[in-house]
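The chain contents come next:
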Amino acid sequence: MKGLWVVTIEALPSARSDAFAQYGGAFVLVYVTETSKEAALAAAQREISDAGWNCKAVESNTYTTRDDFTGDVAGLERFDQALIDGAVVVFHTYPVEPDKDDGVH
């Protein structure tokens, strides 16, 4: 069954980007059709950098198939689009300052 890599990276906006004043960071999901784990990581880092963000930490790098997205409509749409385009990038941003209810240690 055909699959692809889903790489999750925590990233910080570059000081030169428009996002710098608006976001404290993001967890970025990058769906890529590379042929190896190493190539997937390199492609994900390049996509994030090209968007004006700096990679902070790799959270995961997992090979997935359509079956892994059972019940996840958004994930399945991203998976299918990545098979067409070669990559799909999704930024889940967080604010510069923590919300008042966020736990801070």
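Our subject is the structure listed above.
The notes below deal with the structure included here. Residue numbers restart at each chain and count upward from 1, following the sequence in its written direction. Only residues with pLDDT of at least 70 get local features here, since the model is predicted, and only at 80 or more are side-chain atom pairs given and counted; chain-wide, interface and lining totals rely on the full set of residues. Processing note: side-chain calculations cover all non-hydrogen atoms of the structure and skip hydrogens and water entirely.

### Here's the deal with the sheet that holds strand 3 (residues 53-65)
Hydrogen bonding along the main chain pairs the strands of a sheet, whether they run parallel or antiparallel. Spatial ordering of the open sheet is given by 3-1-2-4, a layout of four strands whose pairing is antiparallel. With one partner strand each, in any of the chains shown, strand 3 and strand 4 (87-94) form the two edges of the open sheet. Between one strand and the next, the sheet's axes are offset by a mean angle of 20°, whatever the strand orientation. Two strands are counted as paired when DSSP detects at least two bridges linking them. Under the DSSP-based scheme used, a helix requires at least four consecutive residues in state H or I and a strand at least two consecutive residues in state E, with every element numbered from the N terminus. Pairing between strand 1 (residues 3-13) and strand 3: eleven bridges, direction antiparallel. Looking at the pairing, Leu 12 lines up with Asn 54 of strand 3. Lying over the sheet, helix 1 (residues 37-50) contacts strand 1, strand 2 (25-32), strand 3 and strand 4, oriented at roughly 40° with respect to strand 1. By the convention used here, residues are in contact when the closest approach between their heavy atoms is within 4.5 Å. Between N-to-C directions, angles span 0 to 180 degrees; the directions come from axes that are lines fitted to C-alpha atoms, helices contributing only their stretch in contact. Across the face of the sheet, helix 2 (residues 73-85) comes into contact with strand 1, strand 2, strand 3 and strand 4 while running at roughly 135° to strand 4.

### Some points on the pattern of salt bridges
Any carboxyl oxygen of Asp or Glu that lies within 4 Å of a side-chain nitrogen of Lys or Arg is treated as forming a salt bridge with it. The final tally for this structure, using the stated rule, is two salt bridges. Here Lys 56 ties to Glu 10 by a salt bridge, and the two come within 4.0 Å at their closest N and O atoms. Residue Lys 56 is found in strand 3, and its partner Glu 10 is found in strand 1; the two are separated by 46 residues along the sequence. Arg 66 is the salt-bridge partner of Asp 80, the closest N and O atoms lying 2.7 Å from each other. You can see Asp 80 sitting in helix 2 and its partner Arg 66 sitting in the loop between strand 3 and helix 2, a full 14 residues away along the chain.

### Digging into helix 1
Across its 14 residues, helix 1 extends 20 Å between first and last C-alpha, which sits within 8% of the 20 Å expected from 1.5 Å per residue. Among the residues of helix 1, Ala 40, Ala 43, Ala 44 and Ile 48 are the ones counted as buried. An end-on view of helix 1 places all buried positions within 135° of arc, on one side of the element. Seen from the buried face of helix 1, the exposed residues on the opposite side, beyond 90 degrees, are Glu 38 and Asp 50. On its buried side, helix 1 packs onto strand 1, strand 2 and strand 3. In the segment just after helix 1, Gly 52 is the residue with positive phi, at about 90°. By this rule the span expected of a helix is its residue count minus one, scaled by 1.5 Å. Working definition: with a 1.4 Å probe on protein chains only, accessible area under 20% of the residue-type maximum means buried, over 50% means exposed, and in between means partly exposed. Taken from the helix axis, the directions to the C-beta atoms give the arc we talk about.

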